[in-house]
Amino acid sequence: MIHDWTNIQIMECNTDNGVLVTVFWQSDGASERYVLGNGQAVDQNKDGTFTIHETQTNLSLAHF
């Protein structure tokens, strides 16, 4: 099944080494996800930060 994702919120985040990364909060009407611009999934942490799962890179919210 092809999902038609809609952006709910767009957030600018900083990596631990200062690189600016955009995280998209998206919904397809039934489920939600957080992804980078290339579609790579990121995990939302309980403290409001994100982690790029594959690289274990931490992302802190800069702007939303």
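Let me begin by describing the structure that accompanies this report. The structure displayed is predicted, hence computed values, not measured ones. (Residues numbered from 1 in each chain as written. Predicted model: local features only at pLDDT ≥ 70, side-chain atom pairs only at ≥ 80, totals over all residues. Heavy atoms only, no water.)

1. Side note on the pairing of strand β2 (residues 20-27)
For clarity, the cut-off: The pairing criterion is simple: DSSP has to find at least two bridges between the two strands. Only DSSP runs of H or I covering at least 4 residues are called helices, and only runs of E covering at least 2 are called strands; the numbering of each starts at the N terminus.
Examined bridge by bridge, strand β1 (residues 6-15) and β2 share eight bridges and lie antiparallel to one another. Across the sheet, the residue bridging to asparagine 14 is leucine 20, located in β2. Taking the residues that link successive antiparallel strands as the turn, the β1-β2 hairpin has four residues, and the phi of glycine 18 there is positive, at about 90°. Sheet topology places β2 next to strand β3 (residues 32-36); five bridges connect them, and they run antiparallel. Directly across from glutamine 26, in β3, lies its bridge partner arginine 33.

2. Some details on the side chain of serine 27
As a reminder of what qualifies: Only protein chains enter the calculation, and the probe is 1.4 Å; a residue is then buried if its accessible area is under 20% of its type maximum, exposed if over 50%, and partly exposed in between. Side-chain atoms alone can form a polar contact between residues adjacent in sequence; in general such a contact is a pair of N or O atoms within 3.5 Å, and within protein one must be able to donate a hydrogen while the other accepts it. We call two residues contacting when some pair of their heavy atoms lies within 4.5 Å.
As for its placement among the helices and strands, serine 27 is situated in strand β2. For serine 27, a relative accessible area of 15% corresponds to the buried category. In terms of polar contacts, serine 27 uses its side chain to reach the backbone carbonyl oxygen of serine 31, at 3.4 Å. Not counting residues up to four positions away in its chain, the partners in contact with serine 27 are Asp4, Trp5, Thr6, Ile8 and Glu32.

3. A closer look at the packing of aromatic side chains
Rule in force here: Each aromatic pair joins two rings of Phe, Tyr and Trp (for Trp, the six-membered one) with centres within 6.5 Å, and gets the label stacked for planes under 30 degrees apart, edge-to-face for over 60, and tilted for any other angle.
Scanning all chains against the criterion turns up two aromatic pairs. Here tryptophan 25 and tyrosine 34 contribute two aromatic rings whose centre-to-centre distance is 5.8 Å and whose plane-to-plane angle is 15°, an arrangement assigned as stacked. Ring centres 5.1 Å apart and planes at 50° place the aromatic pair tyrosine 34 and phenylalanine 50 in the tilted group. Linking tyrosine 34 in strand β3 with phenylalanine 50 in strand β5 (residues 50-52), this pair joins segments that are 16 residues apart in sequence. Summarising the burial analysis for this pair, tyrosine 34 and phenylalanine 50 share the class buried. Clustering of aromatic rings is evident, with ring pairs tying together Trp25, Tyr34 and Phe50.

In short, the description is geometric, and any link to function would need to be established separately.
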